[in-house]
Amino acid sequence: MTHVGQQSTETLQALDNAHYLHPFSDSKTLREKGARMIVRAQGVYIWDSEGNRILDGMAGLWCTNIGYGEQRLADAAYQQMLELPYYNSFFQCAHPPVVELAKEIADLAPDHMNQVFFTGSGSESNDTVLRMVRHYWTVKGQPEKFTIIGRHNGYHGSTVAGASLGGMKAMHQQGGLPIPGIHHIPQPYWFGEGGDLSPEEFGTQAAQELEKAILELGEDKVAAFIAEPFQGAGGVVIPPSTYWPEINRILAKYDILMIADEVICGFGRTGEWFGSQHFGIKPDFMPIAKGMTSGYIPMGGVIVSDRVAHTFEEKGGEFNHGYTYSGHPVAAAVALENLHVMKEKHLVQYVKEDIGPYLQTKWQTLADHPLVGEARGLGLVAAIELVKDKATRARFDESVGIGGICRDKSVENGLVMRACGDTMIISPPLVISHSEVDELVEKARLALDLTFEQLQALGAV
Ligand SMILES: *Cc1c(COP(=O)(O)O)cnc(C)c1O
């Protein structure tokens, strides 16, 4: 067997600097600092090449739901590689792991969703969704229903369609995005944009932005609305309780398809199998990825409603779309085993009834910190808003870079916590224990204290 990663940190960093282009990274600052080399992981912990143990408060990138080091997933991959490492499903073929996985997912999905298209990632899932939505309306004889409405600060991946559907300004600035036929409305982010309204008033108002956009664009021109049940990469933005009911009303009124991007919410994060079940959303499409394999191997998919699947089957003809690795047998076998592990450990129930409420109660204790304007969360995600003035929700000057300071203090002291601007977020593995939650919250408080000290030294507080 080839062994990698036996070299010194310096050697690895030199190789990294010379040859490895990182996703979402500024090469210049990265090269100056040198990348942290993560060499192994177990449970909720990762270790770097210097032997530091770090609690992974982000479950990798919102994906290692069952935690690291699960032997059963490794065995499933190994067995499947020997049995059938690859075959496609293009030319009227299929294989056991993919059909079993599709059945398993259909059983977990809302009752009206029973068919699954497989992809290699969340981004590919959203590329697939864009084509499915437009194909659907064409087949229905309404090809002018073409525009898809997304939201500012939504995240739907990094391919051309994914980044276009998403509302990340910094992504749109590179590469001439968004592509035509995509429109963005404001996000339901009460803390940042709610002004003097109550969260409930603001939630209704944010939802009504959808109706305004539909009327402006013309209801016969709008194909679909895409949204994450709660926004992940945008900073764990959890809509006020009034938001989703109003969105549901508007979508039904104008016959517009609903795409619930479940790439983060799916597979237990909210305490239900899907975020749509938690929020009462009625999707036509659910893009999935991340937690579906707990990140052990890349795989994504799109769960499709019966209404759409039947239309395609009856009148759609050949759907000219697919990936070499659609339904990859090894990925499917790993996903299937991941779902079996989740079910046997009752992980979704654990999030809903036990560890989710426990984390949220502990997380709320951070609200008294002088830097914290709000502590919020749901299931096993949470956020804190860093502010200069708790009463007015006023932010620090951008030049302070408080989010980045807090993230660095956190990682240096043994907790991966991510910064989205001045919002600190966590999304730990679903298997996290009570004592590990205690450790996570203690380390988050320590990071806040050290951030405060640094701001004092800078004269910013
Ligand atoms: C991560 C993410 C994606 C993109 O998934 P990739 O596997 O990175 O392509 C899409 N949608 C949401 C909501 C995500 O969080």
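Residues numbered from 1 in each chain as written. Predicted model: local features only at pLDDT ≥ 70, side-chain atom pairs only at ≥ 80, totals over all residues. Heavy atoms only, no water.

The name an unreviewed UniProt entry assigns to the protein is Aspartate aminotransferase family protein, from the organism Enterovibrio gelatinilyticus. The Sequence similarities (unreviewed entry) comment attached to the protein in UniProt states, word for word, "Belongs to the class-III pyridoxal-phosphate-dependent aminotransferase family." (UniProt positions renumbered as here; feature names shortened; annotations may be inferred.)

**Comments concerning the site of the ligand**
The environment of the ligand is formed by Ser121, Gly122, Ser123, Asn126, Tyr155, His156, Gly157, Glu228, Asp261, Val263, Ile264 and Lys290. Here an oxygen atom of the ligand sits 2.9 Å away from a polar atom, N or O, in the main chain of Gly122. The residue makeup of the shell around the ligand, split by class, is 3 nonpolar, 6 polar and 3 charged. (Near = heavy atom within 4 Å. Polar contact = N/O pair within 3.5 Å; in protein donor to acceptor, adjacent residues only side chain to side chain. Nonpolar A, V, L, I, M, F, W, Y, C, P; charged D, E, K, R; others polar.)

**What to know about the nonpolar core**
In terms of nonpolar packing, the biggest core is built from 110 residues, with Leu101, Phe225 and Trp363 touching the most fellow members. In this structure, this core is formed jointly by two domains, domain 1 (36-66 + 346-458) and domain 2 (72-344), each of which donates at least three residues. Met132, Tyr136, Ala224 and Phe312 belong to the second largest nonpolar core, which has 23 residues in total. (Core = buried A, V, L, I, M, F, W, Y, C linked by side-chain atoms within 4.5 Å. Buried < 20%, exposed > 50% of the residue type's maximum accessible area, 1.4 Å probe, protein only. Domains from an automatic or database assignment.)

**Here we look at the side chain of Ser125**
Inspection of the secondary structure puts Ser125 in helix H6 (residues 122-139). For Ser125, a relative accessible area of 0% gives the class buried. At a separation of 2.8 Å, a polar atom in the side chain of Ser125 contacts the main-chain carbonyl oxygen of Ser121. Dropping the residues within four chain positions of it, Ser125 is found in contact with Thr119, Pro287, Ile288, Gly300, Gly301 and Val302. (Helix = DSSP H or I, 4+ residues; strand = E, 2+ residues; numbered from the N terminus. Contact = heavy atoms within 4.5 Å.)

**A closer look at the packing of aromatic side chains**
Here the structure, examined in full by the defined rule, presents 10 aromatic pairs. When the ring of Tyr45 is compared with that of Trp47, the centres are 6.4 Å apart and the planes differ by 55 degrees; the resulting orientation is tilted. Considered together, Tyr45 and Trp47 belong to a single accessibility category, that of buried residues. Ring centres 6.5 Å apart and planes at 45 degrees place the aromatic pair Tyr86 and Tyr87 in the tilted group. Accessibility expressed as a relative area gives 38% for Tyr87, which makes it partly exposed. Site record: aromatic cluster; members linked through ring pairs are Tyr86, Tyr87 and Tyr325. Positioned above the aromatic ring of Tyr45, the side-chain terminus of Arg53 is 3.8 Å from the ring centre. Taking the ring centre of Phe191 as reference, the NZ or CZ of Arg393 above it sits at 5.5 Å. (Phe/Tyr/Trp six-rings, centres within 6.5 Å; stacked < 30°, edge-to-face > 60°. Lys NZ or Arg CZ within 6 Å of the ring centre and 35° of its normal.)

**Remarks on the sheet that holds strand S13 (residues 418-420)**
Pairing in this open sheet of 4 strands is antiparallel, and the strands run S11-S12-S14-S13 from one edge to the other. Looking at strand neighbours, the two that pair on one side only are strand S11 (372-378) and S13, the edges of this open sheet. Strand after strand, the sheet turns through a mean of 25 degrees between neighbouring axes, direction not considered. Bridging between S13 and strand S14 (residues 423-426) involves 3 bridges; their strand directions are antiparallel. Each residue of the ladder has a partner; that of Ala419, found in S14, is Met424. Running over the sheet, helix H15 (residues 347-364) touches S11, strand S12 (381-386) and S14 and is turned about 175 degrees from S11. (Pairing = 2+ DSSP bridges. Axes fitted to C-alpha atoms, helices over the stretch in contact; angles between N-to-C directions.)

**Some thoughts on the pairing of strand S1 (residues 38-42)**
Inspection of the sheet shows S1 paired to strand S2 (residues 45-48) by 4 bridges, in the antiparallel sense. Looking at S2, one finds that Ile38 is bridged to Asp48. Taking the residues between adjacent antiparallel strands as the criterion, S1 and S2 are bridged by 2 residues, where Gly43 takes a positive phi near 60 degrees.

**Considerations on the pattern of salt bridges**
Taken as a whole and assessed by the stated rule, the structure comprises 22 salt bridges. Its salt-bridge partner being Glu344, residue Arg72 comes within 2.8 Å of it at the nearest N-O pair. Here Glu344 lies in helix H14 (residues 329-344) and Arg72 lies in helix H4 (residues 71-83), a separation of 272 residues in the sequence. Classification of Arg72 as partly exposed rests on a relative accessible area of 28%. We note a salt bridge from Asp284 to Arg307, for which the minimum N-O separation is 3.6 Å. With Asp284 in the loop between helix H12 (275-279) and strand S9 (285-288) and Arg307 in helix H13 (residues 306-315), this residue pair connects regions lying 23 residues apart in the sequence. Judged by relative accessible area, which is 35%, Arg307 ranks as partly exposed. Here the salt bridges share partners, and the residues they tie into one network are Glu211, Glu246, Arg249 and Lys253. (Salt bridge = Lys/Arg side-chain N within 4 Å of Asp/Glu carboxyl O.)

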